[in-house]
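# Coordinate inspection notes
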Amino acid sequence: MPNMTESEFKKHMASKEFTRLYVLWGTEKKYVKTYTDKLVTKVMGKNISDFNYHEFKDNYDIQEICLSMLSVPFMSEYNFVKISDINLNELLKNEKEQLFNAIKDIPDTTVVVFSMPTLEIDAKKPGDFKTILKEAEKNGVVVEFKKMGDMALEKHLSTLATRNNVSLSRINADKIINMCGNDLTTLINELDKLCAYVGEGNEITDKDIDLLVTKNLEAKVFSLADAVTRGKSTEAMTILDTLFYQREEPIAILTVLSNAYIDYYRGRVADECGVQTSVIAQEFNYKNRAFALNKKTMISTQGLRDSIDLLIEVETKMKSVSVNQKITLEKLISKLLLIAQKGRAYA
């Protein structure tokens, strides 16, 4: 069977024409876990017998895994083997060979699923995982769950809110994404919190979002960058103090802050050269972060260059010599504010 999309996989499970080998993986971990659980329920039913269900997620005894594939189902149509987050690159050569040989001879009464709900695998360089993928592509099913784009996420959040009898506009869905990032698990948790707060039949407003949604580090630091570039010294220092209070690492703050300024600069240069930001996003592999290139600042182009030079200087210093990182970061923000106040020449 070829690789399946999410919708194709839903139809496949509904048909109950199960194959012997499945691989569920991808960057959207929420869906990997959800659909793995759905597959288990579809194949084994809600009341799963320990005789016919074998799960491996911490102890990867390869011999035991291979033997479990050969188990004969007891009072059930299938024997199910679930292998979660196995890092094949860490196995010994003979263990890999044993496992690869076993998946080529899975009995018709056994269903094996390799599920990756937390383990990150590079799609371009999957390493030894490629062998599992190839076998599943030939004799099983592969489903790769990729991160949704911003527009798809907006629609998804609005739809989920509607299911809870709560109204959420696409504009406010976009605001939640900008504050939280594109991790679906995080977004759903924040949406559940908002739905519970406003209650059925009501609408989630931007004020509700500001009150309840927990910003991720990137969103917090982008707020810091926005305050600095607008010359709002009190607001900038308040955000920085909050980040310190929340025990965010200074070097992590600096890294995200540098990225924010680089986003400003790339967006500015694209604007000045008449190049669409989508081209820049593709060139620099922004993927779901293309929105960052559309953020505007009133600082002059030279002011952005001076700011980036300063950020590089401070990052090099913090990584090479022993300094009080909090004080160093406070001094950096003060200097960036001075640059912003002097260089507000771009309109």
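Refer to the structure presented above.
Below you will find a few notes about this structure. Note that the coordinates shown come from a computational prediction; the quantities given were computed from them, not determined experimentally.

## Things to note about the packing of aromatic side chains
- In this structure the tally under the stated criterion is ten aromatic pairs.
- Ring centres 5.9 Å apart and planes at 80° place the aromatic pair Tyr-31 and Tyr-35 in the edge-to-face group. On the criterion of helical spacing, the pair formed by Tyr-31 and Tyr-35 is a turn pair, its members being four residues apart in helix α2 (residues 29–44). Neither Tyr-31 nor Tyr-35 differs from the other in exposure class; each is buried.
- Site record: aromatic cluster; members linked through ring pairs are Phe-9, Tyr-22, Tyr-31, Tyr-35 and Phe-145.
- Directly above the ring of Phe-284 sits Arg-266, whose terminal nitrogen or CZ lies 3.8 Å from the centroid.
- Directly above the ring of Phe-222 sits Lys-295, whose terminal nitrogen or CZ lies 5.6 Å from the centroid.

## Describing the nonpolar core
- By size, the foremost hydrophobic cluster in this structure holds 43 residues, and its most contacted members are Phe-9, Leu-39, Phe-80 and Ile-204.
- For this core, the secondary structure elements donating two or more residues are α1 (6–15), β1 (21–25), α2, β4 (110–115), β5 (141–144), α6 (150–163), α7 (170–180) and α8 (184–198).
- The contact partners of Leu-39, leaving out residues within four places of it in the chain, are Phe-9, Met-13, Phe-18, Tyr-22, Phe-80 and Val-113.
- Counting residues in each nonpolar core, the second largest holds 33 residues, with Ala-236, Ile-239, Ala-260 and Ile-299 among its members.

## Some remarks on the layout of surface pockets
- Reported here for the second largest pocket is a volume of approximately 250 Å³.
- Taken together, 14 residues form the lining of the second largest pocket, with Glu-6, Tyr-31, His-156, Leu-160 and Arg-163 sitting closest to its centre.
- Taken together, the elements giving at least two residues each to the lining of the second largest pocket come down to α1, α2 and α6.
- Among the elements that make up the lining of the second largest pocket, the one with the highest residue count is α6 (six residues).
- Along the lines of polarity and charge, the residues of the lining of the second largest pocket split into five nonpolar, three polar and six charged.

Conventions we followed
- Residues numbered from 1 in each chain as written.
- Predicted model: local features only at pLDDT ≥ 70, side-chain atom pairs only at ≥ 80, totals over all residues.
- Heavy atoms only, no water.
- Phe/Tyr/Trp six-rings, centres within 6.5 Å; stacked < 30°, edge-to-face > 60°.
- Helix = DSSP H or I, 4+ residues; strand = E, 2+ residues; numbered from the N terminus.
- Buried < 20%, exposed > 50% of the residue type's maximum accessible area, 1.4 Å probe, protein only.
- Lys NZ or Arg CZ within 6 Å of the ring centre and 35° of its normal.
- Core = buried A, V, L, I, M, F, W, Y, C linked by side-chain atoms within 4.5 Å.
- Contact = heavy atoms within 4.5 Å.
- 1 Å grid on protein atoms, 1.4 Å probe; cavity = no way out; pocket = protein on both sides within 12 Å on 5 of 7 lines; lining within 4 Å.
- Points joined across faces, edges and corners; volume = space filled by probe spheres on them.
- Nonpolar A, V, L, I, M, F, W, Y, C, P; charged D, E, K, R; others polar.

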